Amino acid sequence: AQSVTQPDIHITVSEGASLELRCNYSYGATPYLFWYVQSPGQGLQLLLKYFSGDTLVQGIKGFEAEFKRSQSSFNLRKPSVHWSDAAEYFCAVGARTSYGKLTFGQGTILTVHP
Amino acid sequence: EAGVVQSPRYKIIEKKQPVAFWCNPISGHNTLYWYLQNLGQGPELLIRYENEEAVDDSQLPKDRFSAERLKGVDSTLKIQPAELGDSAVYLCASSLVGLAGGSNEQFFGPGTRLTVL
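Predicted model only: the values in this text are computed from it and were never measured.

1. With respect to the overall build of chain A
Point 1. Counting its secondary structure elements, chain A contains zero helices and 12 strands.
Point 2. Helices and strands appear in chain A in the N-to-C order β-β-β-β-β-β-β-β-β-β-β-β.
Point 3. A compact globule built from 114 residues should have a C-alpha radius of gyration of about 13 Å, and chain A, at 13 Å, falls within 12% of that.
Point 4. Viewed in the frame of its principal axes, chain A has a C-alpha envelope of about 45 × 30 × 20 Å.
Point 5. Residues classed as buried in chain A amount to 49% of the 114 residues present.

Structure (structure tokens):
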């Protein structure tokens, strides 16, 4: 069965600092990988996704993520955080055989200090 | 383009009462999902529809939960009777899957926050 672990429940950074959110997945083959962001009272918005090809993927709002097969990781990064990035971030894995089903991690809450 | 629409946004009911949530997916999307999101957790899939067919309802508690997507467009999720533990956010998502030009990306609605007293 597929699973996702986000080790950090809560991360605090200063505005302008760099950010890395960790995501580890468990799946028997190469999965589809996603990062979503959720602001309070809002639905989830897709930041970026990995299906195949280049293991470094670019997303919206200046985010990027790198797929590392050897480490079963798909960490999210941003070089300079803005106050508006404060939200909850979810990593998700989708099986290629039934790509409609996503399994989400428990989320990482990002707080940004001015 | 309008996004996924859900109503109501908030619902407060007494335990043992019935409740229903409605979802209108993005126009043209053939696949619709209902997710349950407990506080501090990621969403968990309840049911997935491809057009009007429920292709994955293995996580739906069928003793009290039911769902329908009669014309392959909008969908209703019902709980009867509601229990205290059903308090959560119910998210609807849609995608264009398996067709030329489909990205498989799931687009989420804002959710319905249910409180059972």
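Resuming the write-up.
2. Considering the nonpolar core
Point 1. If you look at the biggest cluster of nonpolar residues, it comprises 26 residues, and the most contacted ones within it are A:Leu19, A:Trp35, A:Leu47, A:Leu48, A:Phe74, A:Leu76 and A:Tyr89.
Point 2. The set of elements that each furnish at least two residues to this core consists of strand 2 (10-14), strand 3 (19-21), strand 5 (32-38), strand 6 (44-50), strand 8 (64-68), strand 9 (73-78), strand 10 (87-94) and strand 12 (108-113) of chain A.
Point 3. Setting aside chain neighbours within four positions, we find A:Leu48 in contact with A:Leu33, A:Phe34, A:Trp35, A:Val57, A:Gln58, A:Gly59, A:Phe63, A:Glu64, A:Ala65, A:Phe74 and A:Leu76.
Point 4. Counting 22 residues, the second largest nonpolar core, distinct from the first, contains B:Val19, B:Phe21, B:Leu32 and B:Ala88.

3. Thoughts on the packing of aromatic side chains
How two aromatic rings sit relative to each other is given by the distance of their centres and the angle of their planes.
Point 1. Applying the stated criterion across every chain yields a total of 14 aromatic pairs over all chains.
Point 2. Plain terms: the ring middles of A:Tyr50 and A:Phe67 are 4.6 Å apart, the flat faces sit at 25° to each other, and that makes the pair stacked. Placement of the pair is A:Tyr50 in strand 6 and A:Phe67 in strand 8, with a sequence separation of 17 residues. This pair shows no difference in class: A:Tyr50 is buried, exactly as A:Phe67 is.
Point 3. For the ring pair B:Tyr35 and B:Phe108, a centre distance of 5.4 Å and an interplane angle of 40° mean the geometry is tilted.

4. Here we look at the side chain of B:Arg48
Point 1. Among the structural elements, B:Arg48 can be located in strand 5 (residues 44-50).
Point 2. In this structure the side chain of B:Arg48 is engaged in a polar contact, spanning 2.8 Å, whose partner is the side chain of B:Glu50.

5. Quick word on the pattern of salt bridges
Any two side chains of opposite charge can pair if their charged atoms end up close together.
Point 1. Within this structure, the stated rule accounts for eight salt bridges over all chains.
Point 2. One salt-bridge network, in which partners are shared between bridges, spans A:Glu64, A:Glu66 and A:Arg77.

6. Quick word on the sheet that holds strand 8 (residues 75-79) of chain B
Residues and elements named next belong to chain B.
Point 1. The four strands lie next to each other as 1-3-8-7, forming an open sheet whose pairing is antiparallel. If you trace the sheet from one side to the other, it starts and ends with strand 1 (5-7) and strand 7 (65-68), each paired once. Across the sheet, the mean angle from the axis of one strand to that of its neighbour is 15°, orientation sign disregarded.
Point 2. Where strand 7 lies against strand 8, four bridges are found, and the strand directions are antiparallel. Note on strand 8: the bridge partner recorded for Glu 68 is Thr 76.

7. Section: the pairing of strand 6 of chain A
Residues and elements named next belong to chain A.
Point 1. Most of strand 6 sits inside the fold, with five of its seven residues counted as buried.
Point 2. Bridge analysis of strand 5 against strand 6 gives six bridges, and the strand direction is antiparallel. Residue pairing in the sheet places Tyr 36 in a bridge with Leu 46 of strand 6.
Point 3. Hairpin connection, strand 5 to strand 6: the antiparallel pair is bridged by five residues, and Gly 41 has positive phi, about 75°.

8. Brief notes about unusual backbone geometry
Residues and elements named next belong to chain B.
Point 1. Of the consecutive residues Ser 7 and Pro 8, the connecting peptide bond is found in the cis state with omega at -10°.
Point 2. Pro 81 follows Gln 80 through a cis peptide bond whose omega is -5°.
Point 3. Looking at the secondary structure, you find Pro 81 in the loop between strand 8 and strand 9 (88-95).
Point 4. Residues other than glycine seldom take positive phi values, yet Lys 16 does so here, at roughly 80°.
Point 5. Assessed through its relative accessible area of 63%, Lys 16 is described here as exposed.
Point 6. Positive phi values are uncommon outside glycine, yet Asn 51 reaches one of about 55°.
Point 7. Take Asn 51: it is sitting in the loop between strand 5 and strand 6 (53-56).

Cut-offs used in this document
Residues numbered from 1 in each chain as written. Chains lettered and ligands numbered in written order. Predicted model: local features only at pLDDT ≥ 70, side-chain atom pairs only at ≥ 80, totals over all residues. Heavy atoms only, no water. Helix = DSSP H or I, 4+ residues; strand = E, 2+ residues; numbered from the N terminus. Rg over C-alpha atoms; globule rule 2.2 N^0.38 Å. Buried < 20%, exposed > 50% of the residue type's maximum accessible area, 1.4 Å probe, protein only. Core = buried A, V, L, I, M, F, W, Y, C linked by side-chain atoms within 4.5 Å. Contact = heavy atoms within 4.5 Å. Phe/Tyr/Trp six-rings, centres within 6.5 Å; stacked < 30°, edge-to-face > 60°. Polar contact = N/O pair within 3.5 Å; in protein donor to acceptor, adjacent residues only side chain to side chain. Salt bridge = Lys/Arg side-chain N within 4 Å of Asp/Glu carboxyl O. Pairing = 2+ DSSP bridges. Axes fitted to C-alpha atoms, helices over the stretch in contact; angles between N-to-C directions.

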